[in-house]
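Summary of structural features
Spelled out from the first residue to the last, the chains are:
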Amino acid sequence: MATSTSRTAMPTQRSNSSRLLDKGFVWVTGAFAIGVGLVLLAIAYRVGTDSLPAIQRFGLGFLATTRWSVNDEVFGALTQIYGTLVTSFIALLIAVPIGIGVALFLSEDYLPPRIKQPIVFLIELLAAIPSVVYGLWGIFVLIPLLRPFGIWLNANFGWIPIFSTAPAGPGIYAAGIILSIMILPIIAAISRDALVAVPTEIRQAAYGLGATRWETIFQIILPAAFSGIVGGIMLALGRAMGETMAVTMVIGNSNSIDLSILSQGSTVSSLLANQFAEAGGLQVSSLMYAALILFGLTLVVNVLAELIVRRFSLKL
Amino acid sequence: MASSELATAPNMKRSPTSPRTLFSSVMTVVTFACAALALIPLVAVLSYVLINGASSLRLDVFTQLPPAPGLKGGGFGNALVGTLLTVGIASVLSIPFGVMAAIFLAEFYRDTKLAETINFLTNVLSGVPSIVIGAFAYALVVLSTGTFSAVAGGFALAVLMLPTIVRTATEALESVPGDFRQAAIGLGATRFQTTLRIVLPAALPAIITGVILAIARAAGETAPILFTASTSRYWVRSIWEPTATMSRLVFDFATAPYERQQELAWAGSLVLVTLVLATSILSRWIVRKR
Amino acid sequence: MAPELQNARKTDTVFRTENLNIYYGDFLAVRDITIEIHKNKITAFIGPSGCGKSTVLRCFNRLNDLIQSFHMDGKLFYRDQDLYAAEIDPVEVRRQIGMVFQKPNPFPKSIYDNIAFGPRLLGYKGDMDELVERSLKQAALWDDVKDKLKEMGTDLSGGQQQRLCIARAIAVQPDVILMDEPCSSLDPISTLKVEDLLQELKEKYTILIVTHNMQQASRASDRTAFFNVEANAKGQRTGYIVEYDRTEVIFQSPQEQATQAYVSGRFG
């Protein structure tokens, strides 16, 4: 760097310190970048080591035991794993068809862009509302609204195991429905991107052969966008499995397993939310074990989603 | 030529009752219904929060401590300060970290195996449940310091914000045209000078947009705060003690049996939702302006 | 075919337009198109880029309907039927009037399914294998692909893809085939193959082809319409037909100065 303003004094050689600064800067940013990558490993490592005592004590039996007793120091997370899977499944059952419907609505030319853009924005906002606000709304609005419907289901279809209990208010079904609202924007947004990415030439070819709009959609556009949509659904599934606050607030937090979706239940995340703050000893370790299981489940789902979405975006 | 001399065309008339047309019409209606169905919860949540929240949102709720159970009055002044504090700590930790990492990924090692791997890990990190990040922060900070604290909460939120910041900053830097860099390097600037004086300023508005969105999301997060910052009924005195936050307060008061506390839960929700909406609209406005 | 149709007086006019004006929003893209298209002939649309020849072509199978700002006035008859009459279903129109696009656009499906797509939509009851083979043979692609019908259509070379698209258009047995610069993305050898194919296809079909390649128009077509474009005071460019005649007239003794200039390569 020039130390003098005189023209003849313009240095022809970069100073050592400048070269060092340049090199150092690259190194420092590199260290931070690698640090970002290591955070994921650090989470796995720390949660893993902290759950070791529980792993040694309960082994894989932890996954098959429903009992969670602080007094007897017996811990098993089957109820919660079951709850996580069932609530996520209900959420997907509702959000996938509606989400893809929304994506089609927003990717086809039903509306002029000036109206379409704000709707895209509104649906994105759905994803931005804090989980705890959904939970509050769930307690005071959604559950009272759902209750008569649950009672009706139980009265008329009580012979089906999944409707076999009278709803107490909060319950697995309420958690599933809240989750479906929360993951809908993810499915809609990613599916829409995948649909829009299908080349217009292909669409025109189908129209040119005399296909109707919906023949084109079902036979050409949806198959072409399939992997992107599946990737979006997987990401949504990961979100649903890890979602905590809204679920904790509406699921009832019961520690017994029941096939009926109208009954109260709990998920791995609601277990962690309820017990961590006051836990000690083996309970902490067992909670870490549960967290590790949740981490593993979402990791598998997210990595698959990431690979699918990546392969899909490379292809187009 | 008169049309009577033309050969007869095959029948191409519309028939609204043919199965193909009928199917198309039904599916179109279904799609419109899906869109309407998706917007109902948004409208319902926003209107309930607005109506219930606004009725108890007076100026003094911002300045007072939470009421004791069963009492009237009070507010969430300490929680507001606590949220600012934890989110502030999270920003101080995650923004430099994330932006530096993004500079490396976008400027120095773009399109390499290493950068691709880190991008992949970053995307996977953004999918880790926030409650698991809370458990991680609990193990790392709470257990080693022996206390719930704003620092522990801030650390958890920082981990949560990191992937968003890295991703938006990387994208922002990558979208700076290559000509700028070549011009600067052509003048003999080092990579350090080029990045700091040319590329970073050009990408700054987009980076700020991403950071604002990350901060707004973090302010609404509850799960990682639950057993890291925990909560408190008092004003913040130190960053090394349990700290109240807005989102935790909404959670506690939503499940409390007292009417005044539930009112405050709605008012707190309105504050959080307003924050998120305002930042979303602001960032959209910034993006559109550019 | 029903007997009364066979008895009807046939002429060789397939399309007839009267004073077509085509707009995108307020912008007049093409004006005053009055033209007749003859049966079993290849009609070429030539002209400088931006003259609206593709836009006009896409009116003949109502593909422009997909563009929201598009609207049109004037009349367009297909045989004795007003194509833009309210009761006409554009989907049915496109079944009669097939299209081959500028860029080869096979579906991301197998070669077989690409061909079978259209017939299946229409509920074709006959022998599908036979139809696929016949269509591929007509498009001079059968020998290239007969051993790999299950492979993806998108894995073929560019020239093969375009012939696949032609086979796909033929498979629904249309009356007319519209081709929008079908050779513009092909190499010279593939181009010649497609041109040879056109000569065979016109035995059975009426073909309209848009091309920017004048040799192609002069080699392959029977009739040629020369389009030109003029800008108004606001700088909006509107296309129109300068001259429409037998191809040898257009290329050897055109009536208009502009046509002469264009075909001799002095502009465009």
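Residues numbered from 1 in each chain as written. Chains lettered and ligands numbered in written order. Predicted model: local features only at pLDDT ≥ 70, side-chain atom pairs only at ≥ 80, totals over all residues. Heavy atoms only, no water.

The next thing to look at is the overall build of chain C. Scanning chain C from N- to C-terminus turns up 11 helices and 11 strands. With respect to the principal axes defined by its C-alpha atoms, chain C has extents near 55 × 45 × 35 Å. When the 268 residues of chain C are sorted by exposure, 57% land in the buried category. Counting contacts in chain C only where the partners sit at least 6 residues apart, residues at least 24 apart contribute 68% of the total. With an accessible surface of roughly 11,400 Å², chain C has 46% of that area assigned to carbon and sulfur atoms. (Helix = DSSP H or I, 4+ residues; strand = E, 2+ residues; numbered from the N terminus. Buried < 20%, exposed > 50% of the residue type's maximum accessible area, 1.4 Å probe, protein only. Contact = heavy atoms within 4.5 Å. Areas by Shrake-Rupley, 256 points an atom, 1.4 Å probe, with all protein chains shown as cover.)

Attention now goes to the environment of Ala 168 of chain A. Residues and elements named next belong to chain A. Here Ala 168 lies in the loop between helix 5 (131–157) and helix 6 (172–196). Each C-alpha atom, one on Ala 168 and one on Ala 128, is 30 Å from the other, the two residues being 40 residues apart in sequence. Apart from the residues within four sequence positions on either side, Ala 168 is in contact with Arg 147, Leu 262 and Gln 264.

This part takes up the interface of chain A and chain B. Of the residues lining the interface, 81 residues belong to chain A; the matching set on chain B comes to 79 residues. Interface area lost by chain A to chain B is led by Phe 25, Val 36 and Trp 214 of chain A, which between them contribute 9%. Joining chain A to chain B, the criterion identifies 2 salt bridges. With a closest N to O distance of 3.6 Å, Glu 124 of chain A and Arg 284 of chain B form a salt bridge. Seen at the junction of chain A and chain B, the total is 11 residue pairs in polar contact (both at pLDDT 80 or more). The element contributing the most residues to the side of chain A that touches chain B is helix 1 (residues 16–50) of chain A, with 21 residues. (Buried area = accessible area lost by both parts, 1.4 Å probe. Salt bridge = Lys/Arg side-chain N within 4 Å of Asp/Glu carboxyl O. Polar contact = N/O pair within 3.5 Å; in protein donor to acceptor, adjacent residues only side chain to side chain.)

A word on the packing of helix 8 (residues 213–242) of chain A against helix 1 (residues 19–55) of chain B. Closest axis-to-axis distance for the helix 8 of chain A/helix 1 of chain B pair is 8 Å, and the angle between their directions is 75°. Taken as axis vectors, helix 8 of chain A and helix 1 of chain B run roughly perpendicular relative to one another. On helix 1 of chain B, the residues touching Arg 213, Trp 214, Glu 215 and Phe 218 of chain A of helix 8 of chain A are Arg 20, Phe 23, Ser 24, Met 27, Thr 28 and Thr 31 of chain B. Of the residues contributing to the contact of helix 8 of chain A with helix 1 of chain B, the split by class is 4 nonpolar, 3 polar and 3 charged. (Axes fitted to C-alpha atoms, helices over the stretch in contact; angles between N-to-C directions. Parallel < 35°, antiparallel > 145°, perpendicular 65-115°, else oblique. Nonpolar A, V, L, I, M, F, W, Y, C, P; charged D, E, K, R; others polar.)

Once that is clear, we can look at the state of the cysteines. Applying the stated rule across the entire model yields 0 disulfides over all chains. We note that Cys 165 of chain C lacks a disulfide partner, and the nearest cysteine sulfur, in Cys 183 of chain C, lies 12 Å from it. (Disulfide = S-S within 2.5 Å.)

As a further point, take the packing of aromatic side chains. Enumeration over the complete set of coordinates arrives at 28 aromatic pairs over all chains. When the centroid spacing of 4.8 Å and the interplanar angle of 75° are considered together, the rings of Phe 25 of chain A and Phe 192 of chain B count as edge-to-face. Within this pair, whereas Phe 25 of chain A is found in helix 1, its partner Phe 192 of chain B is found in helix 7 (residues 191–220), the two belonging to separate chains. One exposure class covers both Phe 25 of chain A and Phe 192 of chain B, and it is buried. Plain terms: the ring middles of Phe 136 of chain B and Phe 155 of chain B are 5.9 Å apart, the flat faces sit at 40° to each other, and that makes the pair tilted. A residue pair is termed long-range when its members are at least 10 positions apart, and Phe 136 of chain B in helix 4 (residues 130–145) and Phe 155 of chain B in helix 5 (residues 150–174) qualify at 19 residues. Cluster of aromatic residues (ring-pair linked, three or more members): Phe 58, Phe 62, Trp 68, Phe 75 and Tyr 289 of chain A. Sitting above the plane of the Tyr 244 of chain C ring, Arg 223 of chain C keeps its charged end 4.8 Å from the centroid. (Phe/Tyr/Trp six-rings, centres within 6.5 Å; stacked < 30°, edge-to-face > 60°. Lys NZ or Arg CZ within 6 Å of the ring centre and 35° of its normal.)

Before going further, it helps to spend a moment on the pairing of strand 7 (residues 97–100) of chain C. Residues and elements named next belong to chain C. Burial of strand 7 is two-sided: the residues Ile 97 and Met 99 facing one way and the residues Gly 98 and Val 100 facing the other way are all buried. In this structure, strand 7 lies alongside strand 8 (residues 176–180), joined through 4 bridges in parallel fashion. Residue Gly 98 lies in a different strand from strand 8, and its bridge partner there is Ile 177. (Pairing = 2+ DSSP bridges.)

To continue, consider the pattern of salt bridges. Going through the model one piece at a time under the given rule, you end up with 26 salt bridges over all chains. For the salt bridge of Arg 213 of chain A with Glu 108 of chain A, the shortest nitrogen-to-oxygen distance reads 2.5 Å. One end of the pair, Arg 213 of chain A, is in helix 8; the other, Glu 108 of chain A, is in the loop between helix 3 (78–107) and helix 4 (113–128), with 105 residues separating them in the sequence. For Arg 213 of chain A, a relative accessible area of 23% corresponds to the partly exposed category. Accessibility expressed as a relative area gives 2% for Glu 108 of chain A, which makes it buried. The salt bridge involving Arg 120 of chain C is made with Asp 113 of chain C; its shortest N-O contact spans 3.2 Å. With a relative accessible area of 27%, Asp 113 of chain C lands in the partly exposed category. Look at the salt bridges and you will find they share partners, linking Glu 108, Asp 109, Arg 203 and Arg 213 of chain A into a network.

This next bit is on the side chain of Gln 283 of chain A. Residues and elements named next belong to chain A. For Gln 283, the position within the fold is in helix 11 (residues 282–315). Classification of Gln 283 as buried rests on a relative accessible area of 8%. The residues touching Gln 283, leaving out its near neighbours within four places in the chain, are Trp 68, Val 70, Phe 75 and Gln 275.

A few words now on the pairing of strand 5 (residues 70–78) of chain C. All names here are of chain C. Note: strand 1 (residues 13–24) against strand 5, 8 bridges, orientation antiparallel. Bridging from a neighbouring strand, Asn 21 pairs with Asp 73 of strand 5. Judged from the 2 bridges that link them, strand 5 and strand 6 (residues 81–82) form a sheet pairing that is antiparallel. From the neighbouring strand, Phe 77 faces strand 6, where its bridge partner is Asp 82. Connecting strand 5 to the antiparallel partner strand 6 that follows it, the hairpin turn spans 2 residues, and Arg 79 within it adopts a positive phi of roughly 55°.

Moving on, we get to the confidence of the model for chain A. Detailed reading of the predicted coordinates is not advisable wherever pLDDT falls low. Residue and element names in this part refer to chain A. Chain-level pLDDT for chain A is 89 on average; 94% of the residues reach the 70-or-more range. Model confidence for chain A, summarised as mean pLDDT per element, is weakest for helix 11 at 86 and strongest for helix 3 at 96. Counting contacts from residues 1–6, a segment whose pLDDT is below 50, to residues more than four positions away or on other chains yields 4 contacts. (pLDDT = per-residue confidence, 0-100.)

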